[in-house]
Amino acid sequence: MLSLSMIVRDEAERIEACLQSVQGFVDEMVVVDTGSTDKTVELASGLGARVEQISWPGDFAPARNQALQWVQGDWVLVLDADERLLSEAWGPLKALMAQPDVLVINLLRHERGAVQSPYSNVSRLFRRHPEIRWSRAYHSMIDDSVTALLAKEPHWRVADCSVPAIDHDGYRPELLAQGNKPQRLREAMEAELAERPGDPYACAKLGSLEVAEGQLERGIALLKQGLEHCPAGAHPERYELLLHLAMAEAQRDVAQAEQFYRQALELSLPPRLSLAAQLNLAALLLQQGRLDEAESLSARASKVAPEVGLGWYNLGLIRRKQGNLAGALEAYREAKRVNPSHAETHQNLAVALLLGGDIEGCRSNFREAIQLLIQQGRTQEAQRLHKQAGELVKLEA
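Here the structure is a predicted model, which is why all the values come from computation and not from measurement.

1. Digging into the overall build of the protein chain
Part 1 of the reasoning: When you go through the protein chain residue by residue, the secondary structure sums to 18 helices and eight strands.
Part 2 of the reasoning: On C-alpha atoms alone, the protein chain measures out to a radius of gyration of 23 Å, which is about the 21 Å that the 2.2 N^0.38 rule sets for 397 residues.
Part 3 of the reasoning: Structurally, the protein chain occupies a C-alpha span of about 65 × 50 × 40 Å along its principal axes.
Part 4 of the reasoning: Taking all 397 residues of the protein chain together, the buried fraction comes to 50%.
Part 5 of the reasoning: Long-range pairs, those at least 24 residues apart, make up 60% of the contacts in the protein chain with a sequence separation of at least 6.
Part 6 of the reasoning: Accessible surface computed for the protein chain: about 18400 Å², of which carbon and sulfur atoms make up 50%.

2. Notes on the packing of aromatic side chains
Part 1 of the reasoning: The tally for this structure, following the rule as stated, stands at four aromatic pairs.
Part 2 of the reasoning: Ring centres 5.1 Å apart and planes at 75° place the aromatic pair W56 and F60 in the edge-to-face group.
Part 3 of the reasoning: Sitting above the plane of the W134 ring, R64 keeps its charged end 5.1 Å from the centroid.

3. A look at the pairing of strand β6 (residues 102-111)
Part 1 of the reasoning: Counting buried residues in β6 gives ten out of ten residues, a clear majority hidden from the surface.
Part 2 of the reasoning: Relative to strand β8 (residues 157-168), β6 runs parallel, the two sharing eight bridges. Bridged to V104 within β8 is V158.
Part 3 of the reasoning: Where β6 lies against strand β7 (residues 119-127), seven bridges are found, and the strand directions are antiparallel. Looking at the pairing, L107 lines up with V122 of β7.

4. Digging into the pattern of salt bridges
Part 1 of the reasoning: One pass over the structure, following the stated rule, counts 36 salt bridges.
Part 2 of the reasoning: Across the pair E83 and R109 runs a salt bridge whose closest N-O atoms are separated by 2.7 Å. Linking E83 in strand β5 (residues 83-85) with R109 in strand β6, this pair joins segments that are 26 residues apart in sequence. In terms of burial, E83 and R109 fall into one category: buried.
Part 3 of the reasoning: Two residues, R186 and E213, come together in a salt bridge whose shortest N-O distance is 2.7 Å. Here E213 lies in the loop between α8 (200-212) and α9 (216-229) and R186 lies in helix α7 (residues 181-195), a separation of 27 residues in the sequence.

5. Some thoughts on α9
Part 1 of the reasoning: The end-to-end C-alpha distance of α9 is 20 Å, a good match for the 20 Å that 14 residues give at a rise of 1.5 Å each.
Part 2 of the reasoning: Where α9 is concerned, the buried positions are L216, G219, I220, L222, L223, G226 and L227. Buried positions in α9, seen along its axis, are confined to an arc of 160° and lie on one side of it. Exposed and oriented more than 90 degrees from the buried face of α9 are E217 and E228.

6. Overview of helix α16 (residues 343-355)
Part 1 of the reasoning: In this model, α16 (13 residues) spans 19 Å end to end at C-alpha, consistent with the 18 Å of a helix rising 1.5 Å per residue.
Part 2 of the reasoning: Where α16 is concerned, the buried positions are A343, T345, H346, N348, L349, A350, V351, A352 and L353.
Part 3 of the reasoning: Considering only its buried residues, α16 is in contact with α14 (309-322), α15 (325-338) and α17 (359-375).
Part 4 of the reasoning: Following α16 by one or two positions, G357 has its phi on the positive side, about 90°.

7. Overview of the confidence of the model for the protein chain
Part 1 of the reasoning: Across the protein chain, the average pLDDT comes to 92, with 96% of residues at or above 70.
Part 2 of the reasoning: With pLDDT under 50 throughout, residues 172-177 is counted as low confidence; its partners more than four residues away or in other chains account for ten contacts.

8. Focus on the nonpolar core
Part 1 of the reasoning: In terms of nonpolar packing, the biggest core is built from 43 residues, with M189, Y239, L241 and Y261 touching the most fellow members.
Part 2 of the reasoning: Within the residue set of this core, elements represented by two or more residues are α7, α8, α9, α10 (236-249), α11 (254-266), α12 (275-287) and α13 (291-304).
Part 3 of the reasoning: Once residues lying within four places of it in the same chain are set aside, the contact partners of M189 are A137, Y138, Y201, A202, K205 and L206.
Part 4 of the reasoning: In this structure, A49, L93, I105 and L125 belong to the second largest nonpolar core, which totals 34 residues.

9. A few points about the side chain of S302
Part 1 of the reasoning: Note that S302 resides in helix α13.
Part 2 of the reasoning: Polar side-chain contacts of S302 include one of 3.4 Å to the backbone oxygen of G311.
Part 3 of the reasoning: In contact with S302, not counting residues within four places along its chain, are G311, W312 and L315.

What counts, and at which threshold
Residues numbered from 1 in each chain as written. Predicted model: local features only at pLDDT ≥ 70, side-chain atom pairs only at ≥ 80, totals over all residues. Heavy atoms only, no water. Helix = DSSP H or I, 4+ residues; strand = E, 2+ residues; numbered from the N terminus. Rg over C-alpha atoms; globule rule 2.2 N^0.38 Å. Buried < 20%, exposed > 50% of the residue type's maximum accessible area, 1.4 Å probe, protein only. Contact = heavy atoms within 4.5 Å. Areas by Shrake-Rupley, 256 points an atom, 1.4 Å probe, with all protein chains shown as cover. Phe/Tyr/Trp six-rings, centres within 6.5 Å; stacked < 30°, edge-to-face > 60°. Lys NZ or Arg CZ within 6 Å of the ring centre and 35° of its normal. Pairing = 2+ DSSP bridges. Salt bridge = Lys/Arg side-chain N within 4 Å of Asp/Glu carboxyl O. Expected span 1.5 Å × (residues − 1). Arc of directions from axis to C-beta. pLDDT = per-residue confidence, 0-100. Core = buried A, V, L, I, M, F, W, Y, C linked by side-chain atoms within 4.5 Å. Polar contact = N/O pair within 3.5 Å; in protein donor to acceptor, adjacent residues only side chain to side chain.

This is the structure:
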């Protein structure tokens, strides 16, 4: 028996899509509401979920642990309201759950709208074992309890699902800008480091936040500290530390950045997890004019994850630099199909079409790019592109 466990509050806009994505896969749906004032409870109940009510305990770990008391399944799937289970993963997940020595299944999660790292690995499907508990502030996880359990009961193993299993919509820039998420992350990770100095996970999160907010030296120091405390081998935390070190060093030492990217790519991880390092290294090589390896990396990334538009977009940029206009057009068109809301894809496709003599196609894609920029609130960019495009082709024709 498989149970869905969720913690929700005011998720009326998203909870139906989430629950519908698991219907037919799970045997029970248990939704724990922490004080919704919208129609979340009504919608969840209407879709067949059992709804329990608790007061918000202040963090997700105690809330998720409390929620575990209400599920009855042999296995537990944990989702948030902004996530959906992908039906393509049902078969592989059932096969893994049928293996008697599998304790936890790591799920590939597609981070829609993420500027970096289009995939992450999350431990969200596990046997209902009394010693598996959630811990850690802000980003709660079962990893600490699983590590302790494996030391006591070494016959268990952790498995990876090889295909994307979760679609996540929480990393779009406009969503991240809402509320005080960066400040809450900072406070939680600083508290984590006070308790566990050098903890790789906390160093990765806080270090990358410092770099993003312009504190380059402090960010790099934290990332290197985390790397020193991270066990050797293919650990996701090691990859994340190397990735963010490379991104930070790219601002001041390109050679060092390249070295960190290559170290990240040497780790034996599921191919989709290392997409960011592949794409970023390709972009770095493009800037240096090393087009052949850049094209090879981008083509490999697009083959591994054809559903990620950024890979096709980068491939288009590189092929156009190589003088391969037909190849660039092919890549841009695929990027547009996969991610039709990416204004830069429409813009670059328009320029490539102009070079190929397709005036009407060029005009149409410039218009689409401008319209997308306006819809996304990027008014100045839209005005600038309208002026530049108007100098190349008559947009009103």
